[in-house]
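Structure assessment
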Amino acid sequence: MKKSDFWFDLPQEQIAQTPIEPRDHSRLLVMDRESGKCSHHHFYDVLDYLKEGDLLVVNDSRVIPARLYGTKEDTGANIEVLLLEQKEKDVWETLVKPGKKAKPGVKLIFGEGLLKGEVLETVEGGNRLIRFSYEGDSIFPVLEQIGNMPLPPYITEKLQDNERYQTVYSHELGSAAAPTAGLHFTNELLDKIKAKGVKVATVTLHVGLGTFRPVKEDEITDHKMHSEHYYLPQETADLINQTKANGGRVIAVGTTSCRTLETLGTKQGLPLHTEEGYTDIFIYPGYQFKVLDGLITNFHLPESTLIMLVSAFAGYEHTMAAYDLAVKEKYRFFSFGDAMLIVNDADKQ
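So, here's what we can say about the structure. (Residues numbered from 1 in each chain as written. Predicted model: local features only at pLDDT ≥ 70, side-chain atom pairs only at ≥ 80, totals over all residues. Heavy atoms only, no water.)

Next up on the list: the nonpolar core. The biggest cluster of nonpolar side chains holds 64 residues, and the ones touching the most others in it are Tyr-165, Leu-261, Leu-295 and Phe-333. Examining the composition of this core, we find that seven residues originate from one element, helix H5 (residues 305–314), more than from any other. Those residues within four positions of Phe-333 in sequence are excluded, and the remaining contacts are Phe-8, Leu-10, Gln-14, Ile-15, Ala-16, Phe-299, His-300, Tyr-323, Ala-326 and Val-327. In terms of nonpolar packing, the next biggest core, distinct from the first, is built from 24 residues, Ala-102, Leu-108, Phe-110 and Leu-115 among them. (Core = buried A, V, L, I, M, F, W, Y, C linked by side-chain atoms within 4.5 Å. Buried < 20%, exposed > 50% of the residue type's maximum accessible area, 1.4 Å probe, protein only. Helix = DSSP H or I, 4+ residues; strand = E, 2+ residues; numbered from the N terminus. Contact = heavy atoms within 4.5 Å.)

Listed below in structure tokens is the structure:
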């Protein structure tokens, strides 16, 4: 398939700049996976489409305030550093602007000296490895103090509350971007879901900025996916195995949870067991799903790997028709936008 097969026209004003309040009042398009039939709701109505014996799998990764503004120690020149991945305790792979000012050996100062860094080397893609130093045992409290949320480039408004770019169940620090499908859940909605007999389990996949990297190749199979760190707890593996054995549905909240489960389904087959590692799985039409029975996801960028994943799960024609409908019905798109639920037998339970 060609990249251009996944193009659709999206008016600029439908790119959500701020989150809806409360979280679960965003809109929800429900699609039947087999027929492609769609219906329009609010996110809190997701409760009506889940049934006893289902399992929701959420990504509990937490976004770090990974954008740092600082200066070069020798010249005082301004510099911007984005933390991408922790390589060792205090060594991070980073994206630096302007890159030409960040040669190996250059020393950087952030937050009036609360955090210092030294550029170690330039790595693949022009990224820099930086070793940081600070007072205390961990860099994370310092980042909470002086770091900024790394909002995607299409969001131009300043976020008033950093917690709105975190899911309510976020726990494991390490993402450079939020697993945004989970932003719609409130604790109250999760309690109602559990009370209905639906189990909720966690995986961890630390979202890298590669999630926003555009597909440049015309043939989508030529695209190389970025690699991201994942962890499947044994408790979650057990719940997936039980759900499958009992005929329940495993529903991933977000493409990150989906990619984690399908990585493990491909490597291990069923039953699953605990595992930690890195995945660069690329899911596009023709892929045979091993674990997933349902997907909750936001509306994604044209020609992105994310719309390709949704097309693999829901079917290409169903997906593109749903996106055309969402544009026509003025749904809000991308990270702070509205959501889709894609399941077989999409009737109220």
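Now for the sheet that holds strand E14 (residues 250–253). Read across the sheet, nine strands follow the order E2-E1-E17-E16-E14-E3-E12-E13-E15 without closing on themselves; strand pairing throughout is mixed. Two strands bound the open sheet, and with one partner strand each, they are strand E2 (38–42) and strand E15 (275–279). Strand-to-strand twist of the sheet, defined as the mean angle between neighbouring strand axes without regard to direction, takes the value 25°. Pairing of strand E12 (residues 199–205) with strand E13 (residues 228–232), which is carried by two bridges, proceeds in the antiparallel orientation. Considered in E13, the bridge of Thr-204 is made with Tyr-231. (Pairing = 2+ DSSP bridges. Axes fitted to C-alpha atoms, helices over the stretch in contact; angles between N-to-C directions.)

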